[in-house]
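# Observations on the three-dimensional arrangement
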Amino acid sequence: MTGRRVPRLLPGLTGTRRVLVTAVVLTVLALGGTFLLDPFRNFQLATAAAYLCAVAGLTLLIGLSGQLSLGHAALMAAGGYGYALTSNALTDAGLDGLPRFLASLVAAVVIACLLGLLLGLAAARLRGPYLAGLTLALVIALPAITSVWSPVFRGDQGLQTAYNPVPTALERLIAVEQWQAWVAILVASVVVTALTIVRRGTLGLRMRAVRDDETAARLNGVPARSVKVAAFTVSAAAAGAGGAVLCFITQSVSPGGYTLAFSLLLVVAAIVGGLGSIGGAVIGSMVIVVLPWLLGAGTAALDLPAELEQRLSGNLAVLVFGALLIAVMLLRPDGLAGLAGAWRRRRARRGGSALPRAATTPPAAADSLDPAGVADTSGHSRTIPIER
Amino acid sequence: MSHQSPAPRSAVRRTGGLIAASALIVGLAACSTPTAPSDDPAAAEGDSTGVTDTTVTIGTHTPLTGPAAAGYSSISAAASAYFDYLNDQGGVNGRTIEFIVKDDGYNPANTQTAVRELVQQDEVFAILNGLGTATHQSVLEFLDQNSVPDLFVASGSTSWNQPDTYPNTFGFNADYVVEGAALGQYAADEFPDKSVCVLGQDDDFGDEFIEGVELAVGADGITETQRYSVSNQDVTAQIGALQAAGCEIVALATINGFTALAVGTAAQLGWFPQWFSSSSGADYPTLVGYLGEDVAPKVLQGFTGTNYLPMADDEWVTLFREINDEFNDAAPFDGNTIYGMSVAYLFAEALAAAGEDPTREALVEAVSSGDLVGNGILPLAFGPDSHAAYLGVGITTVDQGVQDYLDATYEVRDGAVSAVEPSPVPLSNAAVPGE
């Protein structure tokens, strides 16, 4: 990173075209980056890309439409199960390779979308803690759902799916994990690009209007209910794609992978990265993948007594995430993505060459960064600072 | 520094950027290209990943946290203690064994990450005694693709015994079909008039156990079947249903925590059926840990289980107790301790049999040869066509707080249960193989 904003390379481009070109450039860079990583890191990268789908959807939902979901893990699970069931059915039907993957991915997104639509319909009538409670119930009920219909979902054991090998043409060039990272990056980039376009478009504008003041939005002819339902559905679709990718990488889906703790982790990622910011979602998903691993490696290296290590294992990460969340809320309420914005503004002031947009972006208003992002209906300006 | 670059300069920059990016990608492609197995010169001699001149590094995934931790976390600690003892005696062929234990919380999603880290980051020689049916199944395919020896899985699922599909995977427990069949047969032999019911875990563990019980008592022989999910720590509904069905013997395919939960819940309801349990959830000292010193002896008197490893006053047990005192900080000594040390001993035996310069291929070959003896009460069943460790189990019972074998041992061969005589392996050379 040189600190120069990517779009400045392409000043002639504006609007959706610029989003698309930026997406292509970033995707190509990410794909190229996989060559630098060993198989395990590529697996982590693939996992982060899968999380990114869900976190980006969530950040849009919370940051833009002001609705909190604590149940995004369940929406990812819906995608994962949709993917696994379709993939297994297609395997039985004799299909494999790319057609099987794409069909399963589409099925995953459709199923998550439908669930999201149902949730959204309920969400449009609920607010704040009530909505949080509803989505919370969904994720807590997940193991019960998979148990009750265990002939289909196979209870705690979950479903196993067929393995997608590296295509023959690439076999000599890349390893399995790198191939999985490629697929994950490509899916994530499509999802994130679509979300960015939604965010910049009419729907995004309406979401912000509804979030800031629902009554005012309605008076201005914004169909608030539909906008909230649409936000939930779009966000669920993204989570579903994430779940499908995760199932593709690990060839399995089980309720144990989509616990309440994981749901909260997605919210942590969205907040730590910066609510409403797609760039923040990227940072957030990286953090939730890398941090537990770093902590694990750290405690292992410290050579602690076995019992202490056992106590820390699995718990330390949760503790650190909690601490990180508090620290971010206190020090950088606009998340880690806000750091870049702040740095740019400072540089612009010092260098005297004003970046017109950055300079006029108001400093992060504390009320816009309420962790839930839903409590405020006071109608004050709740600018999400990262506007591009 | 102006952000409004003139158009021609931007075109130059754009092209330059693209060229640079392409060059970068092409350059990087060269540095992480995988080596095809067929081209790898090492492949001909065998794969000795994880083996150095002085060490052999192996790893496992096991629950150190979560619902199964209290019942099983002592297994990996016991295995580590045995390896420490063995390393103290000079190791195997001059190499010490480094045993990396990773927590997966009994959650298949965590197992995926833990095992990938062991194989790809820590570059272990083999995975030893990965614990859990659902958890280990989630990495079966991955280990197979990477040709990692997957030895002595801590689960009685029949999935591990598929030599054609998973040539590197071997089980350790007597499988759940065997355990179910043995308990069913014992019930049929000793209590022919009592109604038999099953409480099983909601996965292959439960399915296969039920299959085994049916093998012995017939498909119509089970009065009531109930399932529980590990993620739900309440079995009141299931116990109520079993009680309502008039069960007299309840056979459990439960992990230790849920055995205690089932027995405790029934006792609270004032119901005291006869409990039969698979070896995975039948360890008395562990159950005492859950139920408490006061309650356990009362509710567990006559508790019937299965086992295939040394118990009570055995020379193996005596040695393992000494090892536990010296290398495991005198941790509570229970069936899991014996289990963990037995697995570790069997691995050491396999490693010694794999030769002076062990490779993954030689290790797998050593196990499939059928020459390993282990320390069970019946001979190991490993062979070219069998990746199951034990085909039979002994029936155990708890009497006055002591768990030991009854005079009943069953074996399942070709889908039929039969009574057999046990033939325990005597201790030799203080449990240090390869001499």
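Residues numbered from 1 in each chain as written. Chains lettered and ligands numbered in written order. Predicted model: local features only at pLDDT ≥ 70, side-chain atom pairs only at ≥ 80, totals over all residues. Heavy atoms only, no water.

### A word on the overall build of chain A
When its secondary structure is counted, chain A shows 16 helices and 2 strands. The buried share of chain A, taken over its 388 residues, is 52%. Residue pairs at least 24 apart in sequence account for 77% of intrachain contacts in chain A once pairs closer than 6 positions are excluded. (Helix = DSSP H or I, 4+ residues; strand = E, 2+ residues; numbered from the N terminus. Buried < 20%, exposed > 50% of the residue type's maximum accessible area, 1.4 Å probe, protein only. Contact = heavy atoms within 4.5 Å.)

### Considerations on the overall build of chain B
A count of helical and extended segments in chain B gives 14 helices and 13 strands. Across the 435 residues that make up chain B, the buried fraction comes to 58%. Sequence-distant contacts, at least 24 apart, represent 71% of the contacts inside chain B between residues at least 6 apart. Surface summary for chain B: the accessible area is close to 16,700 Å², and the carbon and sulfur share equals 49%. (Areas by Shrake-Rupley, 256 points an atom, 1.4 Å probe, with all protein chains shown as cover.)

### Things to note about the packing of aromatic side chains
In this structure the tally under the stated criterion is 29 aromatic pairs over all chains. Ring-pair connections join several aromatic residues into one group, and the members of that group are Tyr82, Phe83, Tyr85, Phe99, Trp316, Phe320, Phe327, Tyr345 and Phe347 of chain B. (Phe/Tyr/Trp six-rings, centres within 6.5 Å; stacked < 30°, edge-to-face > 60°.)

### Observations regarding the sheet that holds strand S4 (residues 150-153) of chain B
Paired through their backbone hydrogen bonds, the strands of a sheet run either parallel or antiparallel. All names here are of chain B. An order of S2-S1-S3-S4-S5 is seen for the 5 strands of this open sheet, with the pairing classed as parallel. Each having just a single partner strand, strand S2 (96-103) and strand S5 (169-171) make up the two edges of the open sheet. This sheet shows a mean twist of 20° between the axes of neighbouring strands, independent of strand direction. Relative to S5, S4 runs parallel, the two being bridged by 2 bridges. Within S5, the residue paired with Val153 across the bridge is Gly171. Contacting strand S1 (55-62), strand S3 (126-128), S4 and S5, helix H5 (residues 133-145) runs over the sheet at an angle of about 160° to S4. (Pairing = 2+ DSSP bridges. Axes fitted to C-alpha atoms, helices over the stretch in contact; angles between N-to-C directions.)

### Notes on helix H3 (residues 72-92) of chain A
Residue and element names in this part refer to chain A. For H3, which comprises 21 residues, the first-to-last C-alpha distance of 30 Å matches the rise-based estimate of 30 Å (1.5 Å per residue) to within 8%. Among the 21 residues in H3, 15 count as buried, and that is most of the element. Where H3 terminates, the next one or two residues include Gly94, which has phi positive at roughly 90°. (Expected span 1.5 Å × (residues − 1).)

### Comments concerning the confidence of the model for chain B
All names here are of chain B. With 90% of its residues at a pLDDT of 70 or more, chain B shows a mean pLDDT of 88. Overall, residues 1-12 carries pLDDT values under 50, and its contacts beyond four positions in sequence, including any with other chains, amount to 10 contacts. In this model residues 24-43 is a low-confidence stretch, pLDDT under 50, and it forms 23 contacts with partners more than four residues away in sequence or in other chains. (pLDDT = per-residue confidence, 0-100.)

### Observations concerning the pairing of S2 of chain B
Residues and elements named next belong to chain B. Note that S1 and S2 share 8 bridges and pair parallel. Paired with Ile58 across the strands is Phe99, a residue of S2. Each parallel crossover has a hand, and the one from S1 via helix H3 (residues 69-88) to S2 is right-handed. (Right-handed = clockwise from strand over helix to strand, strands pointing away.)

### Some words on the packing of helix H11 (residues 260-273) of chain A against helix H12 (residues 278-302) of chain A
Residues and elements named next belong to chain A. Packing of H11 against H12 brings their axes to within 7 Å, and their N-to-C directions diverge by 130°. Taken as axis vectors, H11 and H12 run oblique relative to one another. Note that H11 runs across H12; the crossing there is right-handed. Residue-level inspection shows Leu265, Leu266, Ala269 and Gly273 of H11 in contact with H12, the latter providing Gly280, Gly284, Ser285 and Ile288. Broken down by class, the residue content of the contact of H11 with H12 amounts to 4 nonpolar, 4 polar and no charged. (Parallel < 35°, antiparallel > 145°, perpendicular 65-115°, else oblique. Left-handed = near helix turned anticlockwise from the far one by under 90°. Nonpolar A, V, L, I, M, F, W, Y, C, P; charged D, E, K, R; others polar.)

### Here's the deal with the state of the cysteines
In this structure the tally under the stated criterion is 1 disulfide over all chains. Put simply, Cys197 of chain B and Cys247 of chain B are joined by a disulfide, and their sulfur atoms are 2.0 Å apart. What sets the handedness of the Cys197 of chain B and Cys247 of chain B disulfide is the S-S torsion sign, and at about -90° it is left-handed. Here Cys247 of chain B lies in the loop between helix H8 (236-244) and strand S8 (249-253) and Cys197 of chain B lies in strand S6 (residues 196-201), a separation of 50 residues in the sequence. By relative accessible area, Cys247 of chain B is classed as buried at 4%. Cys113 of chain A carries a free sulfur, and the closest cysteine sulfur to it, the one in Cys53 of chain A, is 13 Å from it. Cys113 of chain A gets classed as partly exposed once you look at its relative accessible area, which sits at 22%. Summary of cysteine pairing: Cys247 of chain A is not part of a disulfide, and the nearest cysteine sulfur, belonging to Cys53 of chain A, is at 14 Å. Judged by relative accessible area, which is 0%, Cys247 of chain A ranks as buried. (Disulfide = S-S within 2.5 Å.)

### Observations concerning the side chain of Ser147 of chain A
By the secondary structure assignment, Ser147 of chain A is in helix H5 (residues 128-148). In this structure, Ser147 of chain A is in contact with Gly155 of chain A together with Asp202 and Ser229 of chain B, ignoring residues within four places of it in sequence.

### Some remarks on empty space enclosed by the protein
Residue and element names in this part refer to chain B. Counted by the stated rule, this structure contains 3 cavities of 30 Å³ or more. Taken as a whole, the second largest cavity encloses approximately 50 Å³ of empty space. Residue lining of the second largest cavity: 13 residues in total, with Ser157, Gly171, Asn173, Asp175 and Ala388 positioned closest to the centre. Here the lining of the second largest cavity is built from residues that sort into 4 nonpolar, 8 polar and 1 charged. (1 Å grid on protein atoms, 1.4 Å probe; cavity = no way out; pocket = protein on both sides within 12 Å on 5 of 7 lines; lining within 4 Å. Points joined across faces, edges and corners; volume = space filled by probe spheres on them.)

### As for helix H2 (residues 39-64) of chain A
Residues and elements named next belong to chain A. Given a rise of 1.5 Å per residue, 26 residues ought to cover 38 Å, and the 36 Å separating the end C-alpha atoms of H2 matches this to within 8%. Along its length, H2 shows its largest kink, about 25°, at Leu52. Within two residues after H2, Gly66 carries a phi angle of roughly 75°, on the positive side. (Bend = angle between axes of the 7 residues up to and from the residue.)

### With respect to the packing of helix H12 (residues 315-327) of chain B against helix H13 (residues 335-353) of chain B
Residues and elements named next belong to chain B. Following both chains from N to C, one finds H12 and H13 inclined at 95°, their axes separated by 10 Å at the closest point. In terms of axis orientation, H12 runs roughly perpendicular to H13. Residue-level inspection shows Trp316, Val317, Phe320, Ile323 and Asn324 of H12 in contact with H13, the latter providing Thr337, Ile338, Met341, Ser342 and Tyr345. Split by residue class, the contact of H12 with H13 holds 7 nonpolar, 3 polar and no charged.

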